[in-house]
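Structural description and commentary
Single-letter residue listing:
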Amino acid sequence: MIVDARKANLAANVEFDLIIVGSGAAGITLALSLRQSGLKIAMIEAGGERFSAEAQQLLASDAISPKTHSPTHMYRQRLLGGSTAIWGGRCIPFDPIDFEDRPWMEAAHWPITHGDVAKHWPQALRIAEAGLPEFNAAQAWPGDQEPMVKGVDSADVILDRIERFSKPSHFGKIWRQNMEQAANLTIYTHAPVTQILLHDNNRVRGVRCSIDGRAVEMTAPRVVLAAGGIETARLLLASRETQSVGVGNGRDLVGRYYQCHLEGEVGHLHFLSPSSDLRLNYGKSHDDIYCRRYIWLSPEAQRREHLGGMVLRPGHPSIVDPRHRHPVLSAMYLVKNFIVPEYARKMTALEHKIRANHSSGLSYYGAHIANILRGAPKLAVFGTDWLRRRTLAKRKLPSVVLPDPRNFYPADINAEQEPNYLSRISIGNTRDALDMPRVQVDWRTTDADYERLVRSIHTISAAFATSRTVRYDVEGIDVATLRDLIVPIGGHHIGTARMADSAAEGVCDSNCEVFDAPGLFIAGAASFPTSSFANPTLTIVALSLRLAEYLAPGRTLSI
């Protein structure tokens, strides 16, 4: 059942077998998997069932560096379903190379294997409503098995891999009824956790919640933190601050190794083959899932050249620059506040530079409006199609793909950064309305990140240079220019309570149990040692399924 904690008149202490803190992708996956386990489970959500600006303000930070990193409340939601309420739905699996030891990247080591996670892809995709575990064109499109573009004879690029898309599915809505009907599960909303409680021997004993200003303790021999990469670190650090015993920070590792993805438009892709040979658009797979091809730097190239993971996606001209003269792009800019935040932030990250080229705001917005007026018929056709396939559809077209008659496209990069001890989430001196310390973000990349990225870009460019079908123009791209092009989107919060072989290297073990706090577990991307290039949601769900098996061996539910 779902209980509004403010109205429940809870006792000062409520006992359970297992407490799950957070109701996003990780927390809901655990709750679903364990709903027939026989365990008495509480899932505790800080927000309610609907968005609240007041609750969202509790996610604001004390300080952010660099200033271009996204505000900490932008990509998260404090409500039932967590950030799945606003995600874009992209599902990409981590690859075997992501789990390999890669000595050329500092601290790039997982204590588990790819196989430990991959066996959970089928069920993870079912939970995300993203179809079958088929990740190449030949599997997903039996009648259209071609790569993105023909004629590239190089093992350094892979052109037939696909990304799958959820509806996108709001976990708090699609799985609400299943959870509500679970006899062993109570979901408490409006119950923000302010402290992890430990026994004198450091074993976990529960959590303390602040419910309408009243402290309520919920106790259990096992607690799972599934609150996201930022909030998990904050809870661990804040709990250490209020107790004489440590909470997962014996080696000053909590909050460290904070990773995002390196993103930005770098160079241009020019496809020389006829547009009929070019496969840029989304398509429905045989199981009715939206999928799209991408350009992947192959694992062989990564190993040979000592590189990190990276993909390219053909993009469209920046929506913020009215010189594109495209009515759809100008319309997208004017309604950017209604676009999925993941895409809106990326689209407008360099807006301040473009606007500086205009004498006034009136001139800038006037140029966009002129584009719309000149291209009104084209915009009307697009709008009708968008209404049908996005606005009114249950399974929504993931994003806009606008063909260029010249087959000339900006290259949208998404790349892996190496784990960096100096990159961290910490707690500051200011406090929120619950008297919790606000977080400080210090997101740092290394020189080696940019050096690897430059080599990756030139490796792909060299692979395409041998073909007659595509060119990747990266003239003048070096480390200095790349630093200006890469934008710290900050939408994926990874690695702040990483799993490792020992407490000297991480916060939790291979089963995600915190080294110095037995019974306390980490679920979600906070536990990832590395970030891959891939969006983390599918792997978050798969690892949560693995954790559920560990918490209740033989008693988890196939969904």
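To start, this report covers the structure provided alongside it. All values derive from a computational prediction rather than experimental measurement. (Residues numbered from 1 in each chain as written. Predicted model: local features only at pLDDT ≥ 70, side-chain atom pairs only at ≥ 80, totals over all residues. Heavy atoms only, no water.)

A closer look at the nonpolar core
I19, Y188, I457, F464, Y472 and L520 are the most contacted members of the largest nonpolar core, which has 148 residues in total. Among the elements that line this core, the one with the most residues is helix α17 (residues 537–551), at nine residues. Beyond its immediate chain neighbours, meaning those up to four positions away, I19 contacts A42, I44, G206, V207, M218, T219, A220, R222, V223 and V224. One finds V328, L329, M332 and L402 within the second-largest nonpolar core, a separate group that totals 10 residues. (Core = buried A, V, L, I, M, F, W, Y, C linked by side-chain atoms within 4.5 Å. Buried < 20%, exposed > 50% of the residue type's maximum accessible area, 1.4 Å probe, protein only. Helix = DSSP H or I, 4+ residues; strand = E, 2+ residues; numbered from the N terminus. Contact = heavy atoms within 4.5 Å.)

Here we look at the pattern of salt bridges
Summed over the entire model, instances satisfying the criterion amount to 32 salt bridges. The closest approach of N and O atoms between R90 and E163, which form a salt bridge, is 2.9 Å. Within this pair, whereas R90 is found in strand β6 (residues 90–91), its partner E163 is found in strand β8 (residues 162–165), the two being separated by 73 residues in sequence. One salt bridge in this structure joins R389 and D385, with 3.1 Å as the shortest N-O distance. Here the residue R389 and the residue D385 both occupy positions in helix α14 (residues 376–391), the gap between them amounting to four residues, near one helical turn. Its relative accessible area of 26% is what places R389 among the partly exposed residues. Residue classification places D385 among the partly exposed positions, given a relative accessible area of 23%. Via salt bridges that share partners, R76, R78, E231, R234 and D432 belong to a single interconnected network. (Salt bridge = Lys/Arg side-chain N within 4 Å of Asp/Glu carboxyl O.)

Let's talk about a nonpolar patch on the surface
Together, L334, V335, Y365, I369 and L373 make up an exposed nonpolar region whose accessible area comes to about 440 Å². It is helix α13 (residues 361–374) that provides the largest number of residues to the nonpolar patch, a total of three residues. In this structure, L334 sits in helix α10 (residues 327–334). (Patch = residues over 30% accessible without salt bridge, like charges linked within 9 Å, V, L, I, M, F, W, Y side chains within 5 Å. Areas by Shrake-Rupley, 256 points an atom, 1.4 Å probe, with all protein chains shown as cover.)

Quick look at the pairing of strand β3 (residues 18–21)
Residue alternation in β3 divides its side chains into two sets, L18 and I20 and I19 and V21, and both sets are buried. With respect to chirality, the unit in which β3 leads through helix α1 (residues 25–33) into the neighbouring parallel strand β4 (residues 41–44) is right-handed. As judged from the four bridges shared by β3 and strand β13 (residues 222–225), these two strands associate in the parallel manner. When the bridges of β13 are listed, I20 appears paired with V224. (Right-handed = clockwise from strand over helix to strand, strands pointing away. Pairing = 2+ DSSP bridges.)

So, the environment of V487
Here V487 lies in the loop between α16 (479–485) and β23 (520–522). Judged by its relative accessible area of 8%, V487 is buried. The spatial distance from the C-alpha of V487 to the C-alpha of Q56 is 24 Å, given a sequence separation of 431 residues.

What to know about the sheet that holds β13
With respect to topology, six strands assemble into an open sheet ordered β1-β9-β4-β3-β13-β23, the strand pairing being parallel. Edge positions in the sheet fall to β1 (2–4) and β23, since each has one partner strand and no second. Each neighbouring strand pair of the sheet contributes to a mean axis angle of 20 degrees, computed without reference to strand direction. Here three bridges tie β1 to strand β9 (residues 185–189), and the two strands are oriented parallel to one another. By the bridge assignment, D4 is partnered in β9 with T189. Relative to the sheet, α17 contacts β3, β13 and β23, its axis offset from that of β23 by approximately 160 degrees. (Axes fitted to C-alpha atoms, helices over the stretch in contact; angles between N-to-C directions.)

Concerning the packing of α1 against α17
Packing of α1 against α17 leaves a shortest axis separation of 8 Å and a crossing angle of 40 degrees. Taken as a pair, α1 and α17 cross one another with a handedness that is right-handed. Between α1 and α17, the contacting residues are A25, A26, T29, L30 and S33 on the first element and T537, I540, V541, S544, L545, L547, A548 and L551 on the second. Here the contact of α1 with α17 is composed, by residue class, of nine nonpolar, four polar and no charged. (Left-handed = near helix turned anticlockwise from the far one by under 90°. Nonpolar A, V, L, I, M, F, W, Y, C, P; charged D, E, K, R; others polar.)

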